[in-house]
There are 2 protein chains.
Amino acid sequence: MNGDKLRSVSEKTINRLSLYRRLLENRFGKGHEHVFSHELAELACVTPAQVRRDLMCVDNSGSTSRGYSVQELVREITAVLDAPGGQRIALVGVGNLGRAILSYFSGRRPGIAITAAFDSDPSLAGRVINGCRCHPMSELSEVLRGSEIGAAIVAVPASAAQDIADRLVAAGVRGILNFAPVPLKVPEGVFLEHRDMTMSLETVAFFARRSLGDAE
Amino acid sequence: MNGDKLRSVSEKTINRLSLYRRLLENRFGKGHEHVFSHELAELACVTPAQVRRDLMCVDNSGSTSRGYSVQELVREITAVLDAPGGQRIALVGVGNLGRAILSYFSGRRPGIAITAAFDSDPSLAGRVINGCRCHPMSELSEVLRGSEIGAAIVAVPASAAQDIADRLVAAGVRGILNFAPVPLKVPEGVFLEHRDMTMSLETVAFFARRSLGDAE
DNA sequence: GAATATCTGTGAAAGCAATCACAGATAGTT
DNA sequence: AACTATCTGTGATTGCTTTCACAGATATTC
Ligand SMILES: NC(=O)c1ccc[n+]([C@@H]2O[C@H](COP(=O)([O-])OP(=O)(O)OC[C@H]3O[C@@H](n4cnc5c(N)ncnc54)[C@H](O)[C@@H]3O)[C@@H](O)[C@H]2O)c1
Ligand SMILES: NC(=O)c1ccc[n+]([C@@H]2O[C@H](COP(=O)([O-])OP(=O)(O)OC[C@H]3O[C@@H](n4cnc5c(N)ncnc54)[C@H](O)[C@@H]3O)[C@@H](O)[C@H]2O)c1
């Protein structure tokens, strides 16, 4: 297909494509069969030029007068983002955050499902939470290999996070979404996203304060 | 102090300063009174030049031969990031995610505390969760005004998020950390951080798949 | 005390990402 | 059918972020 273009798409563009798709899905059927770049831009809080740039990597052609067909656009973005048969994700660490994540993603996105959870707490082993089975850590490699899971969420305490990441990579995982407040080292070729809430909150606090100061 | 430099510091630099500080705090006392830029870079998974650039906005001078004094550096970063008397944050939406956040931040960072929570669910009103009092929505403006809260976390369903943001801004909030999966519109001068987990997870899944494809 | 080694701080260069601005397309209007 | 208005797709440009590379600083060695 359009593999050449995809090879060089930036992370930021993929982020926005994910957002565009959801915004479009929400609107479809509500009298909006078509959408202009400036409308989608308004929804996503970006510029129209940004939207058009991002859409250059999907195999789509907008009409000059009607804009983009919402349905087609969703289909084309899905062709880029989703694995053909859907993608399975693992979760490691079924504590407060892990459970919130399980409940949130349960059945939310068609193309993505958290199908296996792991925790060192023996009382969790064998339990099914929001349709997802919890396994003991000893089964990590076996379950991951057996179910073609290529990506995982890390929600264990900071002290355990690097070790977990190493084991995930060893088991074939090539993408990690890390919520532990510590940067992880992964080999070349493994995609890593560090979502550090302390960082986010301290940054928001800083700019809020600066904004208040500016206003004085 | 060094207010001029701070006026122009980028969000990314503030993010990393927050991270540097935590990494330094973890190390201090464990035989590491001093640290070189390349050591801190290794911990933070960035380049040494990046570390030195970032530190240009704090009032610090590293020694050529010993590097930076860990204690001094933490103090200097704190002078930049933290409000002198500590900063109070509000949380709106005490559901699965909101509760996880409350438990996580409870007593975690000295300079930041979530001191008020709000939820429309009447059964939560008056309860104290992890040391934080839950208020009914009707008290939002009053409580925020009365306690000099300048920043807030939004963890309500997407359908309510924009309305909540408007009310927060009206009550004087100048920084919002948004976990609802919808972009929010805020006036100029209000700092907004959108932490969209669906976006993050779909992006990780995409690059994991691409990485697997590349390897074939 | 000169030579060496290795650091920091930073101007300059390189690399990325967002925006501008316009050619070409398409429909509606007269 | 020519004119107007408004859209998309994209080369060129601008702006931001990171990295390079080196001057100047400081300790150590011989
Ligand atoms: N709760 C939040 O809102 C929040 C916010 C930001 C970051 N985090 C981070 O996310 C991670 C989890 O936070 P939480 O609040 O859910 O903590 P938690 O203590 O509630 O849960 C941690 C879970 O990990 C499991 N665990 C511990 N060590 C393990 C190991 N070696 N292997 C497998 N499982 C292990 C525990 O049994 C527990 O179930 C932490 O790193 C935390 O810093 C949490
Ligand atoms: N749970 C997760 O891990 C997760 C992950 C990503 C994003 N999110 C987002 O975070 C938000 C909260 O998720 P959750 O899982 O905690 O949902 P939840 O349903 O468990 O909690 C939502 C809370 O918001 C309250 N609420 C609803 N409407 C409100 C209103 N108008 N004013 C004030 N409070 C109101 C509810 O009473 C409830 O307590 C959602 O937008 C969700 O999409 C959650």
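Residues numbered from 1 in each chain as written. Chains lettered and ligands numbered in written order. Predicted model: local features only at pLDDT ≥ 70, side-chain atom pairs only at ≥ 80, totals over all residues. Heavy atoms only, no water.

Peer 1: Describe the relation of the copies chain B and chain A, naming the residues involved and giving the relevant values.
Peer 2: With an RMSD of 0.0 Å, the operation that places chain B on chain A is a rotation of 180° combined with a shift of 0.0 Å along the axis. Expressed as a symmetry operation, the mapping of one chain copy onto the other fits a two-fold axis. Looking at the interface residues of chain B, 100% of them are also at the interface in chain A, so both copies use one shared face. (Least-squares fit on C-alpha atoms with pLDDT ≥ 70 in both. Contact = heavy atoms within 4.5 Å.)

Peer 1: I'd like to hear about the protein's contact with DNA strand D, residue by residue, with values.
Peer 2: In the vicinity of DNA strand D, 23 residues are found, and the nearest of them are S37, R53, T64 and Y68 of chain A together with R16 of chain B. Measuring from a phosphate oxygen of DNA strand D, one finds a side-chain N or O atom of S37 of chain A at 2.7 Å. Between DNA strand D and the protein, one listed contact pairs a phosphate oxygen with a side-chain N or O atom of R66 of chain B at 3.2 Å. Counting residues per element, the surface near DNA strand D draws most heavily on helix α4 (residues 48–55) of chain B, which supplies 3 residues. Looking at the surface near DNA strand D residue by residue, the classes come out as 3 nonpolar, 13 polar and 7 charged. (Near = heavy atom within 4 Å. Polar contact = N/O pair within 3.5 Å; in protein donor to acceptor, adjacent residues only side chain to side chain. Helix = DSSP H or I, 4+ residues; strand = E, 2+ residues; numbered from the N terminus. Nonpolar A, V, L, I, M, F, W, Y, C, P; charged D, E, K, R; others polar.)

Peer 1: Please set out the packing of aromatic side chains residue by residue, giving values where relevant.
Peer 2: Enumeration according to the criterion identifies 6 aromatic pairs over all chains in this entry. Between Y104 of chain A and F105 of chain A, the ring centres sit 4.9 Å apart and the planes meet at 75°, which makes this aromatic pair edge-to-face. Relative accessible area serves as the criterion here: at 21%, Y104 of chain A is assigned to the partly exposed category. Ring centres 5.0 Å apart and planes at 90° place the aromatic pair F206 of chain B and F207 of chain B in the edge-to-face group. The buried category is assigned to F206 of chain B, whose relative accessible area is 3%. Judged by its relative accessible area of 9%, F207 of chain B falls in the buried class. (Phe/Tyr/Trp six-rings, centres within 6.5 Å; stacked < 30°, edge-to-face > 60°. Buried < 20%, exposed > 50% of the residue type's maximum accessible area, 1.4 Å probe, protein only.)

Peer 1: Could you give me a rundown of the pairing of strand β6 (residues 132–136) of chain B, with the residues and numbers involved?
Peer 2: Residue and element names in this part refer to chain B. Relative to β6, strand β4 (residues 112–119) runs parallel, the two being bridged by 4 bridges. Counterpart to A117 in the pairing with β6 is C134. Bridging between strand β5 (residues 128–129) and β6 involves 2 bridges; their strand directions are antiparallel. Bridging across to β6, I129 finds its partner in C132. (Pairing = 2+ DSSP bridges.)

Peer 1: Could you give me a rundown of the environment of A165 of chain A, with the residues and numbers involved?
Peer 2: With respect to the secondary-structure elements, A165 of chain A resides in helix α8 (residues 158–170). Filtering out sequence-adjacent residues up to four positions away, A165 of chain A remains in contact with I176 and L184 of chain A.

Peer 1: I'd like to hear about the interface of chain B and chain A, residue by residue, with values.
Peer 2: Residue-level contacts link 70 residues of chain B with 70 residues of chain A. Where D196 of chain B meets R22 of chain A, a salt bridge forms, and the shortest distance between an N and an O atom there is 3.0 Å. For the interface between chain B and chain A, the tally reads 30 residue pairs in polar contact (both at pLDDT 80 or more). Broken down by element, the residue count for the side of chain B that touches chain A peaks at 17 residues, all from helix α9 (residues 197–215) of chain B. (Salt bridge = Lys/Arg side-chain N within 4 Å of Asp/Glu carboxyl O.)

Peer 1: Summarise the domain arrangement of chain A; cite the residues concerned and give the values.
Peer 2: What the domain assignment lists for chain A is domain 1 (3–79) and domain 2 (87–199). For domain 1 of chain A versus domain 2 of chain A, the distance between C-alpha centres works out to 30 Å. (Domains from an automatic or database assignment.)

Peer 1: Can you lay out the site of ligand 1 for me, pointing to particular residues and giving the numbers?
Peer 2: Of all residues adjacent to ligand 1, which total 22 residues, the nearest are N96, L97, D119 and V156 of chain A together with Y104 of chain B. At the site occupied by ligand 1, nearby residues are drawn from chains A and B. S120 of chain A places a main-chain nitrogen or oxygen 3.2 Å from a nitrogen atom of ligand 1. Within the contact set of ligand 1, an oxygen atom lies 2.5 Å away from a backbone nitrogen or oxygen of V156 of chain A. Contributions of two or more residues to the shell around ligand 1 are made by α6 (96–105) and α8 of chain A together with α6 (96–105) of chain B. Taken together, the residues of the shell around ligand 1 sort by class into 16 nonpolar, 4 polar and 2 charged.

Peer 1: Account for the layout of surface pockets, with residues named and values stated.
Peer 2: The rolling of a water-molecule-sized probe over the atoms marks out the regions of remaining empty space. In this structure, the largest pocket occupies an estimated 1,700 Å³ of space. Secondary-structure elements contributing two or more residues to the lining of the largest pocket are α2 (11–27) and β9 (191–194) of chain A together with α2 (11–27) and β9 (191–194) of chain B. When its residues are assigned to classes, the lining of the largest pocket shows 20 nonpolar, 6 polar and 11 charged. (1 Å grid on protein atoms, 1.4 Å probe; cavity = no way out; pocket = protein on both sides within 12 Å on 5 of 7 lines; lining within 4 Å. Points joined across faces, edges and corners; volume = space filled by probe spheres on them.)

Peer 1: Which residues make up the site of ligand 2, and what values do they have?
Peer 2: Near ligand 2 you find 22 residues, and of these Y104 of chain A together with N96, L97, D119 and V156 of chain B are the closest. More than one chain approaches ligand 2, the contributing ones being chains A and B. Contacts to ligand 2 include S120 of chain B, whose backbone N or O atom sits 3.2 Å from a nitrogen atom. Here ligand 2 has 820 Å² of accessible area as a free molecule, and 81% of this is covered by the chains. Elements supplying a minimum of two residues to the shell around ligand 2: α6 of chain A together with α6 and α8 (158–170) of chain B. Tallied by class, residues from the shell around ligand 2 come to 16 nonpolar, 4 polar and 2 charged. (Areas by Shrake-Rupley, 256 points an atom, 1.4 Å probe, with all protein chains shown as cover.)

Peer 1: So what about the packing of α2 of chain B against α4 of chain B? Which residues, and what values?
Peer 2: Residues and elements named next belong to chain B. Viewed as axis vectors pointing N to C, α2 and α4 meet at an angle of 100°, and their least axial separation amounts to 10 Å. On the basis of their axis angle, the class for α2 and α4 is roughly perpendicular. Within the contact between the two elements, α2 uses T13, R16, L17 and Y20 and α4 uses Q50, V51, D54 and L55. Its residues placed into classes, the contact of α2 with α4 shows 4 nonpolar, 2 polar and 2 charged. (Axes fitted to C-alpha atoms, helices over the stretch in contact; angles between N-to-C directions. Parallel < 35°, antiparallel > 145°, perpendicular 65-115°, else oblique.)

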